[in-house]
Amino acid sequence: MNILLRPAHRCAPWKRLLGSLRKSSDDNNSDINDINDIIVGDNTSSIDTLGSPAPWKSMPSDAPPPLGQAHIRHCMDPCLASLPPNSEPSFYACHIDRYAAMALQPITLHRLLHTGTPPLTRERLLANAQYLHKERPVRYAKHVKLFQQLPFIVNLNPNLHALYTAYYAHFEELRQQPEVRTEEDQNAFVAMLVRQSDALCDIMPGVARGFHECRAYLGAAARGRFLNELIHKRIALRLLTDQHIALHRQLTAAQQQQEQGCGIAGAADQRLQGIIDTRLSLADAVRASAQEVQAACELTYGDAPAFTVDDHTGACFCYVAPHLDYVLTEMLKNAFHASVQSGHVAHSVEITVAQGAGRVAVRVRDSGGGIPREIRKRVFDYAFTTATDQADVGAPPTDAAFGNIAREQAPIAGLGFGLPMARVYAEFFGGSLHIISIEGRGCDVFLELPSIEQSKARKI
Ligand SMILES: Nc1ncnc2c1ncn2[C@@H]1O[C@H](COP(=O)(O)OP(=O)(O)OP(=O)(O)O)[C@@H](O)[C@H]1O
Ligand SMILES: [Mg+2]
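Basis of the calculations
- Residues numbered from 1 in each chain as written.
- Chains lettered and ligands numbered in written order.
- Predicted model: local features only at pLDDT ≥ 70, side-chain atom pairs only at ≥ 80, totals over all residues.
- Heavy atoms only, no water.
- Near = heavy atom within 4 Å.
- Polar contact = N/O pair within 3.5 Å; in protein donor to acceptor, adjacent residues only side chain to side chain.
- Areas by Shrake-Rupley, 256 points an atom, 1.4 Å probe, with all protein chains shown as cover.
- Helix = DSSP H or I, 4+ residues; strand = E, 2+ residues; numbered from the N terminus.
- Phe/Tyr/Trp six-rings, centres within 6.5 Å; stacked < 30°, edge-to-face > 60°.
- Buried < 20%, exposed > 50% of the residue type's maximum accessible area, 1.4 Å probe, protein only.
- Axes fitted to C-alpha atoms, helices over the stretch in contact; angles between N-to-C directions.
- Parallel < 35°, antiparallel > 145°, perpendicular 65-115°, else oblique.
- Contact = heavy atoms within 4.5 Å.
- 1 Å grid on protein atoms, 1.4 Å probe; cavity = no way out; pocket = protein on both sides within 12 Å on 5 of 7 lines; lining within 4 Å.
- Points joined across faces, edges and corners; volume = space filled by probe spheres on them.
- Nonpolar A, V, L, I, M, F, W, Y, C, P; charged D, E, K, R; others polar.

**What about the site of ligand 1?**
Contacts to ligand 1 come from 22 residues, most closely from Asn334, Asp366, Thr385, Thr386 and Gly414. At a separation of 2.5 Å, an oxygen atom of ligand 1 approaches a polar side-chain atom of threonine 386. Within the backbone of phenylalanine 417, a nitrogen or oxygen atom sits 2.9 Å from an oxygen atom of ligand 1. Relative to its unbound accessible area of 600 Å², ligand 1 is 94% covered by the protein chains. Secondary structure elements with two or more residues in the shell around ligand 1: α13 (321-341) and α14 (418-428).

**Quick notes on the packing of aromatic side chains**
Per the counting criterion, the structure on display carries 12 aromatic pairs. Centroid distance phenylalanine 147 to tyrosine 164: 6.3 Å. Interplanar angle 55°. Geometry classified as tilted. Pair noted here: phenylalanine 147 is in helix α5 (residues 122-148) and tyrosine 164 is in helix α7 (residues 158-175), with a separation of 17 residues, a long-range link. With relative accessibility at 0%, the residue phenylalanine 147 sits in the buried group. Ring geometry for phenylalanine 211 and phenylalanine 226: centres 5.3 Å apart, planes at 40°, overall tilted. Taken together, the residues phenylalanine 211 in helix α9 (residues 204-213) and phenylalanine 226 in helix α10 (residues 220-259) connect sequence positions 15 residues apart. In this pair, the class of phenylalanine 211 matches that of phenylalanine 226, namely buried.

**Looking at the packing of α7 against helix α8 (residues 183-199)**
Relative to each other, α7 and α8 sit at 170°, their axes nearing to 11 Å. The orientation of α7 relative to α8 falls into the category roughly antiparallel. Only Met192, Arg195, Gln196 and Ala199 of α8 make contact with α7, whose side of the interface consists of His170, Glu173 and Leu174.

**Some words on empty space enclosed by the protein**
Applying the stated criterion across every chain yields a total of 4 cavities of 30 Å³ or more. In this structure, the largest cavity occupies an estimated 120 Å³ of space. Mapped onto the lining of the largest cavity, the elements with two or more residues apiece are α5, α8 and α10. Tallying contributions element by element places α10 first for the lining of the largest cavity, with 4 residues. Across the lining of the largest cavity, the residue classes tally to 4 nonpolar, 4 polar and 3 charged.

Written out as structure tokens, the structure is:
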């Protein structure tokens, strides 16, 4: 396995550096006259509420006629299964409607970070549990409503229906959960959070499969709107939940240490405030991801390009490590895959890391021939993929953002969820992900992220 590491360069200001990264993309290829535009895809990242099931309009002419919302809800609602289609919504469905209509109580990143600022106290954690106790059923009800707005036939898909049912069951359990007042309540509450979180940790492969199977019934734009909204909601809910679970564990561990006379946690532990790493090394994260993807590439194809990491800054920033890891992995998977598929495995994948005021950037450059002009606009569409060979297909996208899938078995290319999902993750805290493709040469993929401390006013 070849890993080429270049010496670090002098720190460059953020904007100039990103500008020069882009300029060097052009300069290095000035002999290539087909420099494509920056690919940003359709702007499907806005989190608008999904409207009525318009995708039926794009159905083939032999498709079944549109179904009314009442019938759709009847068929989607496990509690209504035994009622005739035109029944009024049941007692349970009223609960969903009532909760889904409630306004969210989003918190700022400042508060998310503050919850974990040492010294952590029981009182602060109790207040956080009480907030989650009220907030989570509302958020789950909105998940359920989102599914109820999909076309009937799409919701019949077993992969998607299983997820709908799971969200519904979690909502019902949360709605009936007693208030959190004591330490025992807190322990029981956290145990339930862990159980619910584990039950939904691995949903994205099923979601991807479901939408792949239903692609004839839902247009790319509607699919994009639904999935952007679902993934955005899921990231927010998981952040709130995982932060609470992590803080509860940290407090419990600190108390045990004190009881055993081990003193307070060391500096390394204090770096982590819940799930937020306050001094995350960008270059270390890049190297770790690249090594894993390189190993997976060798395992899948029997070969992999070398990679270089050009670290100008030794950048450290405040971020959620699994989010960064997820986005980097998807960028690198594409670069390694393109290098092998195009036969340019002798060319290294070049990774450049940069830092500016409160922001960091990564450029991944491959020599895999670039993205053909005719598919450029579709690469950010969910379920769009050109993966065709046996190693590629049948391999669903990982939901590695939360580290739940064994990486050595992670596919190099799958069902076309890598780029669009990575972009939702990048944009979640106010970052961006875009591609410059140069036909005949390769792709430059740019990731730019703000430090969480920089976007404290942002709400989740
Ligand atoms: N660096 C690249 N070079 C050439 N083509 C690329 C590159 N990155 C993406 N593409 C094209 O964009 C398509 C969509 O990419 P995306 O990452 O979303 O899905 P995928 O890699 O096919 O599957 P998945 O990421 O779900 O495993 C790819 O199938 C490929 O055609
Ligand atoms: Mg991919």
